[in-house]
Amino acid sequence: MIQKRFDQIDRRIFSFPAVHPCEAVSPVTLLSSLIILSQNISDYQSNPFATQRRNARETIRQIGILVVFFEEIHDRGLVVPESAVLCFSELHLTFQKIRFLLEDCSREGARLWILMKSEMVASQFRVLIRTVATALDVLPLDSIDVCGEVKELVELVAKQARKAKIEVDPDDERAMRRLLSVLDGLEKGMEPEFQILKWLLDYLEIKTWNDCSKEVKFLEEQCVEGEEREVPFLTSLLGFMCYCRGRIFDTLELEGQNVEQTDVRCNMEILSCLNPQDFRCPISLELMIDPVTVSTGQTYDRSSIQKWLKAGHTICPKTGEKLTSTELVPNTNLRKLIHQFCADNGASLAKTGKKSHDITRTIVPGSPAAAEAMKFLSRLLVRKLIFGPSEQKNKAAYEIRLLARSNIYNRSCLIEAGTIPPLLNLLYSFNKSIQENAIAALLKLSKHASGKKVMLESGGLRSILAVLKRGMSLEARQIAAATIFYLSSVKGYRKLIGETDEAIPALVDLIKEGTLCGRKNAVVALFGLVLYPGNRQRVIDAGTVPLLLETVASLDKHELVTDSVALLATLAESFDGAIVILRAASLPLITRILQYSTSQVAKEHCVSILLCCCNNGGDEAISVLAKDPSVMSSLYSLTTDGTAQASKKARSLIKILHKFHETSSSGQGCQALTHEQSVHVW
């Protein structure tokens, strides 16, 4: 009866997806559900409310009194008239919304946002409490045989709910005004006083670096998913909270980091077991943007099912069952998986009405206050990197790592403030954590054009390569490889990196020793380097080809296979590369990938390898392919299903193979004729 309790991260804040009980529900079931729901609300009494304390406690108190009423009816098996059932249904719907509101007010990471939405939240409490009062006013209490004391309690709750003074707490209002004053000062270029920042965080019970990070994470999500008109204010709050995290807290807490990495691994495991066809709407057959579930349990894209219902249909499009309700419940878990799938496969959710996680939106700051906060914070972090003790340096590097993760403006501020030279110095630290955080921060900054330039001009290539070759941890080496990849995206740097003695051998070593992520980083870094033709022979001489073939043969992870065959395809463009691939007797392996890979990109790279081997290796390569009957079917399939470039390469290879078959057949015919003539003459 009661909906599964929404996970806090699965429901958008201030959205109340309450479901009205169906008309056919039995009074016993409805009462049982009301009791459980009321008890759930009462349990919030022990939750910490940083703001809205009075409103929340008054609401919880009143609902707690009504539990006694519901339990007496249920326990005594009293008859409930139909008119009372209707009132109970309205209470059930309202209680669901109250529970969602209380969940939001105690939501982890949302304390600052709840404070700044104090008037709206108080209004929500007021509306819901008045709705409870209205339902109790029309409740036929005299027709329910409960004891007089219980009736008096219900009447008391109805009276109090009608007259309850639900408004913004004066203390909340004072804190809100102080914060607005700080934001106004930031806009004018005034750095906030430490004591005011500390008072605000203490009021919101944000006591640790971790608490502050949760607020930052929540605000980042709201900047993406929130209303367009609220984004400037949200970014101001985000800038304020990032500044507080960097200035107020000296102790770094990284408990959440492992959790985040575990979540990513779990998501990847789930995605590998799913059929992407499950992400398509059964109505439109398009990728679902906003999946919602109907009463039959089937999931559709919101826009498609809304059109279906608006057309007057009352049955489920897929099952044909009658819909008992037109409520559309967001399928947030599926939505996350679809977004993850799109991110991993380079797909775009362009049709979505919401803003996407498009990092180009962050080229300019979201508000003047956010811009100034970032400038102040960048200068503060540089001072800590240069003059702070080891713990402060480590924390500053980690802060930069977080700030530069997905914000272009943050990167530019940090680079302009001068963070790169001291970060490069930290790469020589014997502290594993400091080295990892420093190289990770540099990786994020290397994604910015000016960041690459500053690193190379500061002599940072040697420092980064030192970590790649002899880093304190495998994690640091893997991040260094990714940094090399971004540096190699600049055409002029590929030659410089390739000619540095340690670069290519160190990347090859990482393919041998790294984790799946590290091997991928090394392969794509090498791919970036071989875009400069002069580096190809160096990569071949380092023994890369046999290693890549071994990697491809032993893996079923399509991402690394695709990256590996992409690198092989580029190396095969040179005569020496094609010959090395041929001598490794690898053509059957390449044809197998061509036949069975689900990646169109991998298939195209395989055709490129085969074509280069045929062009450079002649009959030696062509004869191997001609003996494999699966090759032609794979090539013909690619001419129709592949990209224009893949189709062109496939047709070229088909012509080569046809010509070889014709020549072979002609040669065999001539030999047979000569033999017959000689026999006849003899």
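Residues numbered from 1 in each chain as written. Predicted model: local features only at pLDDT ≥ 70, side-chain atom pairs only at ≥ 80, totals over all residues. Heavy atoms only, no water.

### Focus: the nonpolar core
If you look at the biggest cluster of nonpolar residues, it comprises 142 residues, and the most contacted ones within it are F240, M241, L423 and I484. In contact with I484, not counting residues within four places along its chain, are L461, I464, L465, L468, I497, L507 and A525. The next biggest cluster of nonpolar side chains, apart from the first, holds 50 residues, and it includes L37, F88, F125 and A161. (Core = buried A, V, L, I, M, F, W, Y, C linked by side-chain atoms within 4.5 Å. Buried < 20%, exposed > 50% of the residue type's maximum accessible area, 1.4 Å probe, protein only. Contact = heavy atoms within 4.5 Å.)

### Comments concerning the packing of aromatic side chains
Counted under the stated rule, the structure contains nine aromatic pairs. Considering the side-chain rings of F69 and F88, the 6.1 Å spacing of their centres and the 70 degrees angle between planes classify their relative orientation as edge-to-face. One end of the pair, F69, is in helix α2 (residues 53-76); the other, F88, is in helix α3 (residues 82-105), and 19 residues separate them in sequence. Arranged with centres 5.7 Å apart and planes meeting at 90 degrees, the rings of F70 and F88 form a pair that is edge-to-face. (Phe/Tyr/Trp six-rings, centres within 6.5 Å; stacked < 30°, edge-to-face > 60°. Helix = DSSP H or I, 4+ residues; strand = E, 2+ residues; numbered from the N terminus.)

### Focus on the sheet that holds strand β3 (residues 329-330)
Spatial ordering of the open sheet is given by β2-β1-β3, a layout of three strands whose pairing is antiparallel. Only two strands of the sheet have a single neighbouring strand rather than two, namely β2 (299-301) and β3. By the bridge criterion, three bridges tie strand β1 (residues 291-293) to β2 in an arrangement that is antiparallel. Its bridge partner being in β2, P291 is matched across the sheet by D301. Each of β1, β2 and β3 touches helix α12 (residues 302-310); the most contacted strand, β2, lies at about 95 degrees to it. (Pairing = 2+ DSSP bridges. Axes fitted to C-alpha atoms, helices over the stretch in contact; angles between N-to-C directions.)

### A word on the side chain of T562
Here T562 lies in helix α27 (residues 558-572). Leave out the neighbours within four places in its chain, and T562 touches S599, V601, A602 and H605.

### Some points on the packing of α2 against α3
Contact geometry for α2 and α3: axes closest at 12 Å, N-to-C directions at 145 degrees. In the crossing of α2 with α3, the sense of the turn from one axis to the other is left-handed. Mapping the contact onto sequence places A56, T59, I60, I63, L66, F69, F70 and I73 in α2 and F88, L91, F95, I98 and L102 in α3. Within the contact of α2 with α3, the residues separate by chemical class into twelve nonpolar, one polar and no charged. (Left-handed = near helix turned anticlockwise from the far one by under 90°. Nonpolar A, V, L, I, M, F, W, Y, C, P; charged D, E, K, R; others polar.)

### Concerning a nonpolar patch on the surface
The grouping of V68, L153 and L156 at the surface amounts to a nonpolar patch, some 210 Å² of accessible area in total. On the secondary structure map, V68 appears in helix α2. (Patch = residues over 30% accessible without salt bridge, like charges linked within 9 Å, V, L, I, M, F, W, Y side chains within 5 Å. Areas by Shrake-Rupley, 256 points an atom, 1.4 Å probe, with all protein chains shown as cover. Salt bridge = Lys/Arg side-chain N within 4 Å of Asp/Glu carboxyl O.)

### Here we look at the pattern of salt bridges
Think of it this way: side chains of opposite charge can pair up when their charged atoms draw near. Per the stated rule, a full pass over the model turns up 28 salt bridges. Close ionic contact of E499 with R538 constitutes a salt bridge, the shortest N to O distance being 3.8 Å. Of this pair, E499 sits in helix α22 (residues 491-499) while R538 sits in helix α25 (residues 536-541), placing them 39 residues apart in sequence. With relative accessibility at 38%, the residue E499 sits in the partly exposed group. In this structure R538 comes out as partly exposed when scored by relative accessible area, which is 31%. The partner of K520 in a salt bridge is D563, with the nearest N and O atoms 2.5 Å apart. Here the residue K520 occupies a position in helix α24 (residues 516-530), and D563 occupies one in helix α27, the gap between them amounting to 43 residues.

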